[in-house]
Number of protein chains: 2
Amino acid sequence: MDVKTKYNVAIVGATGAVGQKIIELLEVEKFPVDTLKLLSSERSAGKKVLFRNTELVVERATPESFNNVDIALFSAGGSVSKQFAHEAVKRGAVVVDNTSAFRMDPSVPLVVPEVNESDLKWHNGIIANPNCSTIQLVAALKPLQQKFGVKRVIVSTYQSVSGAGTSAVQELEDQSKAVLEGKETTPEILPVKNGAKHYPIAFNALPQIDVFQDNGFTFEEMKMINESKKILHDLDLSVAATCVRLPFFTSHAESVYIETEGTNVTVDDVQKTFQHAEGVVLEDDPATQTYPTPVSAVNKKEVFIGRVRKDLDVPTGFHFWIVSDNLLKGAAWNSIQIAQRLIENKWL
Amino acid sequence: MDVKTKYNVAIVGATGAVGQKIIELLEVEKFPVDTLKLLSSERSAGKKVLFRNTELVVERATPESFNNVDIALFSAGGSVSKQFAHEAVKRGAVVVDNTSAFRMDPSVPLVVPEVNESDLKWHNGIIANPNCSTIQLVAALKPLQQKFGVKRVIVSTYQSVSGAGTSAVQELEDQSKAVLEGKETTPEILPVKNGAKHYPIAFNALPQIDVFQDNGFTFEEMKMINESKKILHDLDLSVAATCVRLPFFTSHAESVYIETEGTNVTVDDVQKTFQHAEGVVLEDDPATQTYPTPVSAVNKKEVFIGRVRKDLDVPTGFHFWIVSDNLLKGAAWNSIQIAQRLIENKWL
């Protein structure tokens, strides 16, 4: 059997916020690309994108687009993934899917490489990239789970508009300008693009990300809850989430409370564990007002953690603050990492 | 003994964000003002302010300023309150203090009228107005405490810049404009005005409000924790807080998790309790995407609650979302309410 050293890569959703970041990373990270095929919906077909100084034309995706593709990176929405992922697999590609289409499918591994790389091994052609807010949470939880055990997680999120796509980014920019100029604007995108009601995001906070479920939680909240349990291989883990959209462009932040299984864990133990964890950077020093913020995490690939402190009442309780670039570790970079690990481990 | 029907009122910090709101409310709420004296630091003395169509000149505060004052409303910072509150009391005034100077003093009642009005009765001349983020939290907790018992509270806040004063409001405005125009700016105010380090607030989130304490919590977080226990008369209540400053101008929001003493409490029970609580408005209907936001609460006096839902793992656990105008119920309006109740109950 030939061992390939270069791969034919397809990007589905090449013109979206995440697709653009994926193209950037393939180049910057020197990913072993043989040919690159850019695919999208009819609407974006014909657009031109630079890759390694060559102009590539975005094509409309069809089942045949995936002939001779080794790795297909999908980030064009769940319906597109449902339409084309199996077609790509049928033609021999391995799909890394950055939508919610297959995440909870028991036959599909849901992977954050630093957390559960070995789940890549049992893939059947599709690997799901978790939700952005889940990725940074489990990256922080995994080292704690390994060292002390974690039995309970309560998280409140502070999420940027880029998680809702480029139209939401534009809405925040336009609305902010209008408010500062004292002009009226009509919200049209957030909180949910095709929702019945829209609220202003400029200088505001919206406690709704994605649609509501019957239990009162939003789909974003349920993604965090269910995906965390799957990735951490602990269906009994108690996870609760409140997800809030905020007026900044990039990075998600999370205020997290956990309870460890182990007793006698100290703040120092937790900080040291984060310091030695893969993909995690501890930025935590109250004396020098050191902690991560959304702005400080932009364009960085790591998950940043600060504000580690012990609960004042519960001896096994800890609080901390996680920040990461939702377009990089939360999406594009995690997808690229998955593809890299598939190659390195010969699991493609 | 004469029963007064009109009162000589002094406002200390008349030119600040809260002072301005107090002056507005005294007029709009038809507070029985006989004379109004506006006091401030030397810096603001001489400024002119309209009250009932009359121009009043702001005077520099001295101990003698409080001669013949019945009610003195302080909101000029803790050091000013420490300097003048006792001087005012000595001269016969009752002080409603909106700083942290006396809040945890056991001889000073700390009051949210809807929650613990009766504590006004035992005042010794000074009544403390709680921290803005505490007020809206206890307004929501009190009816639950009465009906079901509350044993545990974990809150993550989403706080506006106006809580940090008018210079922080200006900083958000100027910085936002600069970022939108692609210009560089140097943060100078937030997170803490006289702190050693400043971070940009425009399109960002800062997990620090007020200075850090030795236990890793900020002073704002400790205010929420300690003040809530005092106001709710439950020193055993477990309270944890993470306070975050965000880029909006007015209103604070809070993502709250509680555990009730009572078992078998339903979401419907909690919602009904909020519906019947004084000063609280339930805005909670996922089907119509109804929930409060900072913008929707601006210039309103109530505490708004939405997103009530039951924890998926803990049978006594509930999550909800609280929003209130930090300058009104969080400060000026609560102070005015305290003064009104003192008069109504003849506790002046």
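See the structure printed just above.
Chemist: Mind showing me how you'd approach the overall build of chain A here?
Modeler: Of regular secondary structure, chain A possesses 9 helices and 14 strands. Since a compact globule built from 348 residues should have a radius of gyration of about 20 Å, the 20 Å found for chain A is in line with a globular shape. By principal-axis analysis of the C-alpha atoms, chain A measures approximately 60 × 60 × 40 Å. Residues classed as buried in chain A amount to 61% of the 348 residues present. Taking contacts inside chain A between residues at least 6 apart in sequence as the whole, the part at least 24 apart equals 65%. A total accessible area of about 13400 Å² is found for chain A, and carbon and sulfur atoms account for 48% of it. Across chain A, 36 positive and 43 negative side-chain charges occur, with their mean positions spaced 3 Å apart.

Chemist: Honestly, the interface of chain B and chain A in this entry has me stumped. Any pointers?
Modeler: Interface extent is often summarised as the accessible area lost during association of the parts. Between chain B and chain A, the contact holds 64 residues from the first and 63 residues from the second. Each partner contributes to the roughly 5200 Å² buried at the junction of chain B and chain A, and carbon and sulfur atoms together form 60% of this total. For the pair chain B and chain A, the interface holds 6 salt bridges. Between glutamate 221 of chain B and arginine 309 of chain A there is a salt bridge, with the nearest N and O atoms lying 3.7 Å from each other. Secondary-structure elements contributing two or more residues to the side of chain B that touches chain A are strand 9 (150-159), helix 5 (166-180), helix 6 (219-231), strand 10 (238-242), strand 11 (252-260), helix 8 (294-297), strand 13 (303-310) and strand 14 (317-324) of chain B. A class-by-class count of the residues in the side of chain B that touches chain A yields 35 nonpolar, 17 polar and 12 charged.

Chemist: Quick question: what am I supposed to make of helix 7 (residues 267-275) of chain B here?
Modeler: Residues spaced three or four apart along an α-helix face the same direction, because each turn holds 3.6 residues. All names here are of chain B. Those residues of helix 7 not exposed but buried are Val270, Gln271, Thr273 and Phe274. Taken down its axis, helix 7 places every buried residue within 160 degrees of arc, on the same side. Residues of helix 7 that are buried sit in contact with helix 4 (132-148), strand 12 (280-282), strand 13 and strand 14.

Chemist: I keep staring at the packing of aromatic side chains and nothing clicks. Help me out?
Modeler: The geometry of an aromatic ring pair is captured by two quantities: the separation of the ring centres and the angle between the planes. Counting across every chain of the model gives 15 aromatic pairs over all chains. When the ring of phenylalanine 274 of chain A is compared with that of phenylalanine 320 of chain A, the centres are 5.2 Å apart and the planes differ by 75 degrees; the resulting orientation is edge-to-face. Here phenylalanine 274 of chain A is found in helix 7 (residues 267-275), whereas its partner phenylalanine 320 of chain A is found in strand 14 (residues 317-324), with 46 residues between them in sequence. Of the two residues, phenylalanine 274 of chain A and phenylalanine 320 of chain A, both sit in the buried class. Look at phenylalanine 66 of chain B and phenylalanine 74 of chain B: their rings are 5.6 Å apart centre to centre, the planes differ by 10 degrees, and that puts the pair in the stacked class. The same class applies to phenylalanine 66 of chain B as to phenylalanine 74 of chain B, namely buried. Grouped by ring-pair contacts, the aromatic residues Tyr158 and Trp321 of chain A together with Tyr158 and Trp321 of chain B constitute a single cluster. Over the face of the ring belonging to tryptophan 333 of chain A we find lysine 301 of chain A, whose NZ or CZ atom lies 4.2 Å from the ring centre.

Chemist: Would you mind going over the relation of the copies chain B and chain A with me for this structure?
Modeler: Related by rotation about an axis and a shift along that axis, the two copies of the chain form a pair. With an RMSD of 0.0 Å, the fit of chain B onto chain A corresponds to turning through 180 degrees and sliding 0.0 Å along the axis. Such values leave the two copies arranged in the relation of a two-fold axis.

Chemist: Just checking my understanding: could you explain the pairing of strand 6 (residues 71-74) of chain A for this structure?
Modeler: Regular strands show a simple pattern: their side chains alternate between the two faces of the sheet. Residue and element names in this part refer to chain A. Neither face of strand 6 is exposed, since Ile71 and Leu73 on one face and Ala72 and Phe74 on the opposite face are all buried. Bridge analysis of strand 1 (residues 7-12) against strand 6 gives 4 bridges, and the strand direction is parallel. Looking across to strand 6, one finds that valine 9 is bridged to isoleucine 71. Two elements, strand 6 and strand 7 (residues 94-97), share 4 bridges in a ladder whose sense is parallel. When the sheet's bridge partners are listed, leucine 73 is paired in strand 7 with valine 96. You can see the chain leave strand 6, run along helix 2 (residues 78-90) and come back into strand 7, and the turn it takes is right-handed.

Chemist: Explain the sheet that holds strand 14 of chain A to me, please; I cannot follow it from the model alone.
Modeler: Backbone hydrogen bonds hold the strands of a sheet together, and the pairing may be parallel or antiparallel. All names here are of chain A. Read from one edge to the other, the open sheet built from 6 strands follows the order 10-9-11-14-13-12, with strand pairing classed as mixed. What marks the edges here is a single partner per strand, and that holds for strand 10 (238-242) and strand 12 (280-282). Strand-to-strand twist of the sheet, defined as the mean angle between neighbouring strand axes without regard to direction, takes the value 25 degrees.

Chemist: Looking at this structure, I do not really get the pairing of strand 11 (residues 252-260) of chain A. What am I missing?
Modeler: Residues and elements named next belong to chain A. Burial within strand 11 is extensive, with 9 of its 9 residues counted as buried. Residues His252, Glu254, Val256, Ile258 and Thr260 line one face of strand 11 and the alternating positions Ala253, Ser255, Tyr257 and Glu259 line the opposite face, and both faces are buried. Relative to strand 11, strand 9 (residues 150-159) runs antiparallel, the two sharing 9 bridges. Pairing of valine 155 across the sheet is with valine 256, part of strand 11.

Chemist: Sorry, what's going on with helix 1 (residues 17-28) of chain B here?
Modeler: Residues and elements named next belong to chain B. The end-to-end C-alpha distance of helix 1, which contains 12 residues, comes to 17 Å, matching closely the 16 Å that a straight helix rising 1.5 Å per residue would cover. Buried within helix 1 we find Val18, Gly19, Lys21, Ile22, Ile23, Leu25 and Leu26. In this structure, the buried residues of helix 1 make contact with strand 1 (7-12), strand 2 (33-40), strand 3 (48-51), strand 6 (71-74) and helix 9 (328-344). Remark: lysine 30 follows helix 1 within two positions and exhibits a positive phi of approximately 50 degrees.

Chemist: What's the story with the sheet that holds strand 1 of chain A in this structure? I'm lost.
Modeler: Residue and element names in this part refer to chain A. Here we have 6 strands laid out as an open sheet, ordered 5-2-1-6-7-8, and parallel in their pairing. At either end of the open sheet lies a strand with only one pairing partner, and these are strand 5 (59-60) and strand 8 (126-128). Across 3 bridges, strand 7 lies against strand 8 in parallel orientation. Pairing of valine 96 across the sheet is with isoleucine 127, part of strand 8. Where helix 1 (residues 17-28) meets the sheet, it contacts strand 1, strand 2 (33-40) and strand 6, and its direction lies at approximately 160 degrees from that of strand 1.

Chemist: Would you mind going over the packing of helix 1 of chain A against helix 9 (residues 328-344) of chain A with me for this structure?
Modeler: Relative placement of two packed helices is described by the angle separating their axes and the distance separating the axes. Residues and elements named next belong to chain A. Two elements in contact, helix 1 and helix 9, have axes whose closest approach is 9 Å; the angle formed by their N-to-C orientations is 45 degrees. For the element pair helix 1 / helix 9, the angle class is oblique. Crossing angle aside, the handedness with which helix 1 passes helix 9 is right-handed. For the pair formed by helix 1 and helix 9, the contact residues are Val18, Lys21, Ile22, Leu25 and Leu26 on the first element and Leu328, Ala331, Ala332, Trp333 and Ile336 on the second. In terms of residue class, the contact of helix 1 with helix 9 is made up of 9 nonpolar, no polar and 1 charged.

Thresholds applied
- Residues numbered from 1 in each chain as written.
- Chains lettered and ligands numbered in written order.
- Predicted model: local features only at pLDDT ≥ 70, side-chain atom pairs only at ≥ 80, totals over all residues.
- Heavy atoms only, no water.
- Helix = DSSP H or I, 4+ residues; strand = E, 2+ residues; numbered from the N terminus.
- Rg over C-alpha atoms; globule rule 2.2 N^0.38 Å.
- Buried < 20%, exposed > 50% of the residue type's maximum accessible area, 1.4 Å probe, protein only.
- Contact = heavy atoms within 4.5 Å.
- Areas by Shrake-Rupley, 256 points an atom, 1.4 Å probe, with all protein chains shown as cover.
- Lys, Arg positive; Asp, Glu negative; His and termini not counted.
- Charge placed at Lys NZ, Arg CZ, Asp CG, Glu CD.
- Buried area = accessible area lost by both parts, 1.4 Å probe.
- Salt bridge = Lys/Arg side-chain N within 4 Å of Asp/Glu carboxyl O.
- Nonpolar A, V, L, I, M, F, W, Y, C, P; charged D, E, K, R; others polar.
- Arc of directions from axis to C-beta.
- Phe/Tyr/Trp six-rings, centres within 6.5 Å; stacked < 30°, edge-to-face > 60°.
- Lys NZ or Arg CZ within 6 Å of the ring centre and 35° of its normal.
- Least-squares fit on C-alpha atoms with pLDDT ≥ 70 in both.
- Pairing = 2+ DSSP bridges.
- Right-handed = clockwise from strand over helix to strand, strands pointing away.
- Axes fitted to C-alpha atoms, helices over the stretch in contact; angles between N-to-C directions.
- Expected span 1.5 Å × (residues − 1).
- Parallel < 35°, antiparallel > 145°, perpendicular 65-115°, else oblique.
- Left-handed = near helix turned anticlockwise from the far one by under 90°.

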